[in-house]
Amino acid sequence: MKIAVHTKELENARIDGTMVYIANVLHAMQHMIGEDDLYLYHTRPYNVHVPIAEHPQMHDRTMPHCPVWTQTRFARALWQDKCDVLWMPLHNMPYLRRKNMRTVVTIHDLAFKFYPQTFPTKDRFLINLCTDHAVRVADAVIAVSASTKKDLLAIYPSLREDQIHVIHHGFDPHVWQKHVSVHDAHMTLQRYGVRSRDYLIHVGAIQPRKNLTVLIDAFAQVKKESPQLKLVLVGGDGWLAQGIHAHIARSPYKGDIVVTGNIAFADVHILMQNASVCVLPSLYEGFGISGLEAMAAGVPVVAADNSCFGEVLGDGAIYFDAKNVAKCAEAIATVLCDHDKKNILIAQAQKRADMFSWEECARKTLDVLRAR
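Residues numbered from 1 in each chain as written. Predicted model: local features only at pLDDT ≥ 70, side-chain atom pairs only at ≥ 80, totals over all residues. Heavy atoms only, no water.

Asker: Even after reading the chapter, I still don't get the layout of surface pockets, so can you show me in this structure?
Answerer: In this model, the second largest pocket occupies a volume close to 340 Å³. Lining of the second largest pocket is provided by 19 residues; of these, N24, P51, D172, V175 and W358 occupy positions nearest its centre. Across the lining of the second largest pocket, the residue classes break down as 10 nonpolar, 6 polar and 3 charged. (1 Å grid on protein atoms, 1.4 Å probe; cavity = no way out; pocket = protein on both sides within 12 Å on 5 of 7 lines; lining within 4 Å. Points joined across faces, edges and corners; volume = space filled by probe spheres on them. Nonpolar A, V, L, I, M, F, W, Y, C, P; charged D, E, K, R; others polar.)

Below you can see the structure in the form of structure tokens.
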């Protein structure tokens, strides 16, 4: 079977959850590819910081970039290569396709439907257009959580429940549970002006949906009782980031808020592993992969009580109302001050993390792609 995969997302400079998902699933697939052939379509070299699969049956298809590449050169190449099935691991689908080519799309979240105000008008229009079309024409849909499946059924009543396959993300234990020497950790933390276990961390793009203004204000409350504490925001600017930067500038503790921007993947791992608490205040997530990575790394997690968080994190996190600054601060303080609670939480989180793997994600994805 010829399986086509749209891998252009792996070219991006900024590493986000979608890129981590595509790279790790393909990396795991190379060990279970069997008699199939995978054709990977993109336009430029991949980001050097993500694991790229290499296998004799994984065929690189690099083509020059052009406007609306997915709908033009990519669509034509699929026709020419006579692929049996197409996997679009993000919200898109070529309009022109061979009728006998089966199509599968992964839907990561529907935040643009539920929180449209957190997206610029142009981007919101495009992602609605692409997602609506992809969901309407796909033979099968992969949802990254049961929460996302529920949202898909609510927004797209024409979808049949048996069309949607829930396949959770995983994590790489060689990365998130890797031992880092005290010296290497110290040198990395020193570059960012923090000390081990003396900071809160958030990993994700700087954008309104991440609800970082609530985290910044909660940090200010916790800071009164823990004056040594800092807040580290790991990630580059997403859309509408200006308001969040302005909020940081107004904080009385702005000098203790570290905004890293896009940084090396190795630095992200060390910053996560040495944090006191990972805080996920997002208004909405499809999976929330940084929470799983924090649990795997042995870092206590405090998360909003919405969307997918309870499904993914289970008893490995403490939850709070995403719109309530005081409740967010209270949850953080509980982890910082109650050491018994913290140790129990870490133990539960690591057991929970063991339920997820990229190998399982890849195996289930291949099952969907191979279905007739």
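So, next bit.
Asker: Before we go on, may I ask you to explain the state of the cysteines in this structure?
Answerer: Put plainly, a disulfide is one covalent bond tying together the sulfur atoms of two cysteines. Counted by the stated rule, this structure contains 0 disulfides. Sulfur of C361: no disulfide; nearest cysteine sulfur belongs to C308 and is 14 Å away. On the accessibility criterion, C361 (1% relative accessible area) is buried. (Disulfide = S-S within 2.5 Å. Buried < 20%, exposed > 50% of the residue type's maximum accessible area, 1.4 Å probe, protein only.)

Asker: I tried to follow a nonpolar patch on the surface on my own but got confused; where do I start?
Answerer: Residues W79, Y95, L96, F125, L126 and L129 make up a contiguous nonpolar surface patch of roughly 670 Å² in combined accessible area. Sorting elements by how many residues they give to the nonpolar patch places helix α4 (residues 121–137) first, with 3 residues. For L129, a relative accessible area of 40% gives the class partly exposed. (Patch = residues over 30% accessible without salt bridge, like charges linked within 9 Å, V, L, I, M, F, W, Y side chains within 5 Å. Areas by Shrake-Rupley, 256 points an atom, 1.4 Å probe, with all protein chains shown as cover. Salt bridge = Lys/Arg side-chain N within 4 Å of Asp/Glu carboxyl O. Helix = DSSP H or I, 4+ residues; strand = E, 2+ residues; numbered from the N terminus.)

Asker: Would you mind showing me how to read the pairing of strand β2 (residues 37–42) here?
Answerer: On any regular strand, side chains alternate: one points to one face of the sheet, the next to the other face. In terms of burial, β2 is a largely internal element, 5 of the 6 residues being buried. After leaving strand β1 (residues 2–6), the chain enters helix α1 (residues 17–29) and then returns to the sheet as β2, a path that is right-handed. As defined by bridge partners, β2 adjoins strand β3 (residues 58–62) across 5 bridges and the pair is classed as parallel. Counterpart to L40 in the pairing with β3 is D60. (Right-handed = clockwise from strand over helix to strand, strands pointing away. Pairing = 2+ DSSP bridges.)

Asker: Just checking my understanding: could you explain the pairing of strand β6 (residues 140–143) for this structure?
Answerer: Here β6 shows two buried faces, one formed by A140 and I142 and the other by V141 and A143. Inspection of the sheet shows strand β5 (residues 102–107) paired to β6 by 4 bridges, in the parallel sense. Note that in β6 the partner of T106 across the bridge is I142. With 3 bridges connecting them, β6 and strand β7 (residues 164–166) associate as parallel partners. The residue bridging I142 from the neighbouring strand is H165, located in β7. Read from β6 through helix α5 (residues 146–155) to β7, the crossover connection turns out right-handed.

Asker: Looking at this model, I keep getting lost on the side chain of N24. Mind explaining?
Answerer: Among the secondary structure elements, N24 is positioned in helix α1. When residues no more than four places from it in sequence are discounted, the contact partners of N24 are P51, D172 and W358. (Contact = heavy atoms within 4.5 Å.)

Asker: What exactly am I supposed to notice about the environment of R370 here?
Answerer: You can see R370 is positioned in helix α15 (residues 358–370). C-alpha separation for the pair R370 and V85, spaced 285 residues apart in sequence, amounts to 8.0 Å. Excluding residues that lie within four positions of it along the chain, R370 makes contacts with M1, M32, I33, G34 and D36.

Asker: Quick question: what am I supposed to make of empty space enclosed by the protein here?
Answerer: It is a probe the size of a water molecule, rolled over the atoms, that shows where empty space is left. Under the defined criterion, the tally for this structure stands at 1 cavity of 30 Å³ or more. In this structure, the largest cavity is lined by T7, L10, I22, A23, L26, L40, Y46, P51, I52 and A53. At 3 residues, the largest contribution of residues to the lining of the largest cavity is made by α1. Classifying every residue of the lining of the largest cavity gives 9 nonpolar, 1 polar and no charged.

Asker: Teacher, can you tell me more about the pattern of salt bridges here?
Answerer: Any two side chains of opposite charge can pair, so long as their charged atoms come close to each other. Applying the stated criterion across every chain yields a total of 16 salt bridges. The shortest N-O distance in the salt bridge between E11 and K8 comes to 3.6 Å. With respect to class, E11 is no different from K8; both count as buried. Where R363 meets D367, a salt bridge forms, and the shortest distance between an N and an O atom there is 3.2 Å. Placement of the pair is R363 and D367 together in helix α15, with a separation of 4 residues, close to one helical turn.

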